[in-house]
Amino acid sequence: MAWRTRFAPAPTGYLHLGHVVNAIHVWGIARAFGGKVLLRIEDHDRTRCRVEYEEALLDDLDWLGFEPDIGRTDSFREARHGHPHPHPQRQSDNEDRYAAALAALSARGLTYVCTCTRRDIERHAPHAAGEEPRYPGTCRGARHAEAESLARRVHIADGVEPFDDRRLGHMQQSPAAQCGDLLVRDRHGQWTYQFAVVVDDMAHDIDVVIRGEDLLASTGRQLRLAALLGRERPLHWWHHALLVHPDGRKLSKANHDTSIRERRAAGAHAAALLGEAAFLSGLLPAARDLSIDELPALFR
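Sequence order sets the numbering: in each chain, residues are counted from 1 along the sequence as written. In keeping with the model being predicted, local features are shown solely for residues with a pLDDT of at least 70 and side-chain atom pairs are shown and tallied solely at 80 or more, while totals for entire chains, interfaces and linings include all residues. No hydrogens and no water enter the side-chain calculation; it runs on all heavy atoms of the structure.

(A) Structural view of the state of the cysteines. Only a pair of cysteine sulfur atoms within 2.5 Å counts as a disulfide in this structure description. Scanning the entire structure with this criterion turns up 0 disulfides. The closest cysteine sulfur to the non-disulfide-bonded Cys179 is located on Cys114, 13 Å from its own sulfur.

(B) Quick look at the sheet that holds strand β3 (residues 111-113). DSSP-based pairing: two strands are paired if at least 2 bridges between them are found. A run of DSSP states H or I qualifies as a helix once it reaches four residues; a run of E qualifies as a strand once it reaches two. Both are numbered from the N-terminal end. The strand order β3-β4-β7 describes an open sheet built from 3 strands, whose pairing is antiparallel. Every other strand in the sheet has two partners, leaving β3 and β7 (182-185) as the edge strands with one partner each. Put simply, the sheet's adjacent strands are angled 40° from each other on average, direction ignored. Across 3 bridges, the pairing between strand β4 (residues 152-154) and β7 is antiparallel. The residue of β7 that forms the bridge with Val154 is Leu182. Each axis is a line fitted through C-alpha atoms, and for a helix only the stretch in contact is used; angles between axes span 0 to 180 degrees, taken between their N-to-C directions.

(C) Main features of empty space enclosed by the protein. With a 1 Å grid spanning the protein atoms alone, the term cavity applies to any set of points in which a 1.4 Å probe fits but cannot get out, the term pocket to an open set with protein on both sides within 12 Å along at least five of seven lines, and the term lining residue to any residue with an atom within 4 Å of a point. Grid points are joined across faces, edges and corners, and a volume is the space filled by probe spheres set on the points. Summed over the entire model, instances satisfying the criterion amount to 1 cavity of 30 Å³ or more. Of the pockets and cavities examined, the largest cavity occupies roughly 40 Å³. Secondary-structure elements contributing two or more residues to the lining of the largest cavity are α7 (193-203) and α8 (219-228). It is α7 that contributes the most residues to the lining of the largest cavity, 3 residues altogether. Three classes are used: nonpolar for Ala, Val, Leu, Ile, Met, Phe, Trp, Tyr, Cys and Pro, charged for Asp, Glu, Lys and Arg, and polar for all others, with Gly counted as polar. Looking at the lining of the largest cavity, its residues break down into 5 nonpolar, 1 polar and 2 charged.

(D) Spotlight on the packing of helix α2 (residues 51-64) against helix α3 (residues 73-80). Close contact between α2 and α3 brings their axes to 10 Å; oriented N to C, the two are set at 155°. Between α2 and α3, the interaxial angle falls into the category roughly antiparallel. α3 is crossed by α2, and the crossing has left-handed handedness. In this structure, α2 contributes Val51, Glu54, Leu58, Asp59, Leu61 and Asp62 to the contact, and α3 contributes Thr73, Phe76, Arg77 and Arg80. If an angle is under 35 degrees, it is roughly parallel; if it is over 145, roughly antiparallel; if it lies from 65 to 115, roughly perpendicular; otherwise it is oblique. Here a crossing is called left-handed whenever its near helix is offset anticlockwise from the far helix by less than a right angle, and right-handed whenever the offset is clockwise. Contact criterion: two residues are considered in contact whenever any of their non-hydrogen atoms come within 4.5 Å of each other.

(E) Structural detail: the pattern of salt bridges. Any Lys or Arg side-chain nitrogen found within 4 Å of a carboxyl oxygen on Asp or Glu counts as a salt bridge. Taken as a whole, this structure holds 23 salt bridges when the rule is applied. Here Asp60 and Arg264 are joined by a salt bridge, their closest N and O atoms 2.8 Å apart. On the criterion of sequence distance, the pair formed by Asp60 in helix α2 and Arg264 in helix α9 (residues 260-265) is long-range, its members being 204 residues apart. Buried, partly exposed and exposed residues are distinguished by accessible area as a fraction of the type maximum, computed with a 1.4 Å probe on protein chains only: under 20%, between the cut-offs, and over 50%, respectively. Exposure remark for Arg264: the relative accessible area of 31% places this residue in the partly exposed category. One network of salt bridges, in which partners are shared, links Arg6, Arg40, Glu42, Arg97, Asp200 and Asp201.

(F) Inspection of the environment of Cys179 at higher detail. Mapped onto the secondary structure, Cys179 falls in the loop between α6 (175-178) and β7. By relative accessible area, Cys179 is classed as buried at 6%. The residues contacting Cys179, other than those within four sequence positions of it, are Glu132, Pro133, Arg134, Tyr135 and Arg221.

(G) Quick look at the pairing of strand β2 (residues 36-39). Note that strand β1 (residues 4-7) and β2 share 4 bridges and pair parallel. If you follow Phe7 over to β2, its bridge partner there is Leu39. The handedness rule is simple: strands pointing away from the viewer, and a clockwise path from the first strand over the helix to the second, make the crossover right-handed. Read as a crossover between parallel neighbours, the route from β1 over helix α1 (residues 17-32) to β2 is right-handed.

(H) How the structure looks around the packing of aromatic side chains. In summary, the pairing rule links any two rings of Phe, Tyr or Trp, Trp by its six-membered ring, whose centres are within 6.5 Å, and it sorts them by plane angle into stacked for under 30 degrees, edge-to-face for over 60 and tilted for everything else. Counted under the stated rule, the structure contains 8 aromatic pairs. Arranged with centres 6.2 Å apart and planes meeting at 85°, the rings of Trp238 and Phe299 form a pair that is edge-to-face. One end of the pair, Trp238, is in strand β9 (residues 236-240); the other, Phe299, is in the segment after α10 (270-280), and 61 residues separate them in sequence. Judged by its relative accessible area of 15%, Trp238 is buried.

Note that every value here comes from positions in space, so none of it alone points to a role or purpose.
Following this line, the structure appears as structure tokens:
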């Protein structure tokens, strides 16, 4: 099958080696199996996303040689700088898409107004350190007026969501037990990651999701949301291992790990950086220069 996948960074900081590992998997797997790569900018979080980060990540992708099949980097620059049309793959340009999806769920009685704060949930849903709190359904039967809060949740019924991961094998998750009813729009009117990514993957005809293991727990709930929204085509999954520090922490923007931008400024070469990322992720036995054209051979 000719897989259609996506690379979907959030412009909340500069790209780092962990992003390069994901891009290597996305482009390598797509090219190995005759698929296409769509570039999406996931800037649904207006409080953390910055235009300068988006411009930097586009520059980094060009420098590294990752050329999308759908959503070329210049198209995002044009849509940002005076182009008359919004970009179909930038989340902040597609408010109507998410509003329509929420309206469809609401028309079936699947959503409700939620006035709970994060502190409320922490207090009423005890959980161990590092564990995800499960929303206890506090507002489900409260029948709050729509004007009381912009926040909306989708009722998640009991049941198991099975799926096959191309790397990890057969798995199953119970979203109701993991997280409870899902927040799809927060009290500031912002769409949540879980909701926006499901809506976008349907709108963009994505049929395989290639991402890090840190998002594995999101799979079952995203499958459930997709089913509620009427998705019929099956989704395929490939969760790859993460790059970590020696102490086990994953590389992240929050921890100020060395960015691609900084590596470039220090004189790094794209081929050497690709080889380093591939080696650290276990795709090469030793670090060496690696070209974009060599990526498919890593996965065949």
